[in-house]
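Report on the structure
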Amino acid sequence: MINGNVPNVETSDRKAEGELNLAVGSQTSVTVELTEPVDAPRFFGAPRPVRLIRCHADDARALYRALDVAVTRVRTAPSPSPGPPPRA
């Protein structure tokens, strides 16, 4: 799901489970809520699953449009061919 409330400026220093905050100048302008978790890499240690990503974009509306196009393309793409059955 893409949050259509753009821009959404938030300031937060809290670290919550399942959230990734990529603030610039302590501000975020875009919030993306994912339908399922993805692994967010860390500088040190194992990746952690996140479902909510907050980041800053100079042009939040352009980022929103680009994300909307990308999500639509992925959702409407044909399913990959299953290929031949595995050999026993």
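These numbers were taken from a predicted model, which means no experiment stands behind them. (Residues numbered from 1 in each chain as written. Predicted model: local features only at pLDDT ≥ 70, side-chain atom pairs only at ≥ 80, totals over all residues. Heavy atoms only, no water.)

**Overview of the sheet that holds strand E3 (residues 48-55)**
Pairing is mixed across the open sheet formed by three strands, whose spatial order is E1-E3-E2. Of all strands in the sheet, those with a lone pairing partner are strand E1 (19-22) and strand E2 (30-40), marking the two edges. Averaged over neighbouring strand pairs, the angle between their axes works out to 30 degrees when direction is ignored. Of the strand pairs in this sheet, E2 and E3 are connected by seven bridges, and their pairing is antiparallel. Note on E3: the bridge partner recorded for Ala-40 is Arg-48. (Pairing = 2+ DSSP bridges. Helix = DSSP H or I, 4+ residues; strand = E, 2+ residues; numbered from the N terminus. Axes fitted to C-alpha atoms, helices over the stretch in contact; angles between N-to-C directions.)

**Some remarks on the environment of Tyr-64**
With respect to the secondary-structure elements, Tyr-64 resides in helix H1 (residues 60-76). Sequence separation between Tyr-64 and Val-30 is 34 residues; the distance between their C-alpha atoms is 7.9 Å.

**Remarks on the environment of Glu-17**
Mapped onto the fold, Glu-17 is located in the segment before E1. A relative accessible area of 76% places Glu-17 in the exposed class. For the pair Glu-17 and Arg-48, spaced 31 residues apart in sequence, the C-alpha to C-alpha distance is 9.1 Å. (Buried < 20%, exposed > 50% of the residue type's maximum accessible area, 1.4 Å probe, protein only.)

**Concerning the side chain of Glu-19**
Mapped onto the secondary structure, Glu-19 falls in strand E1. When its relative accessible area of 15% is taken as the criterion, Glu-19 is described as buried. Of the polar contacts made by the side chain of Glu-19, one reaches the side chain of Arg-54; its length is 2.8 Å. (Polar contact = N/O pair within 3.5 Å; in protein donor to acceptor, adjacent residues only side chain to side chain.)

**Quick notes on the confidence of the model for the protein**
Mean pLDDT for the protein: 80, with 83% of residues reaching 70 or above. The weakest mean pLDDT in the protein belongs to E1 at 87; the strongest belongs to E3 at 92. The low-confidence segment residues 3-13 (pLDDT under 50) makes 24 contacts with residues lying over four places distant or belonging to another chain. (pLDDT = per-residue confidence, 0-100. Contact = heavy atoms within 4.5 Å.)

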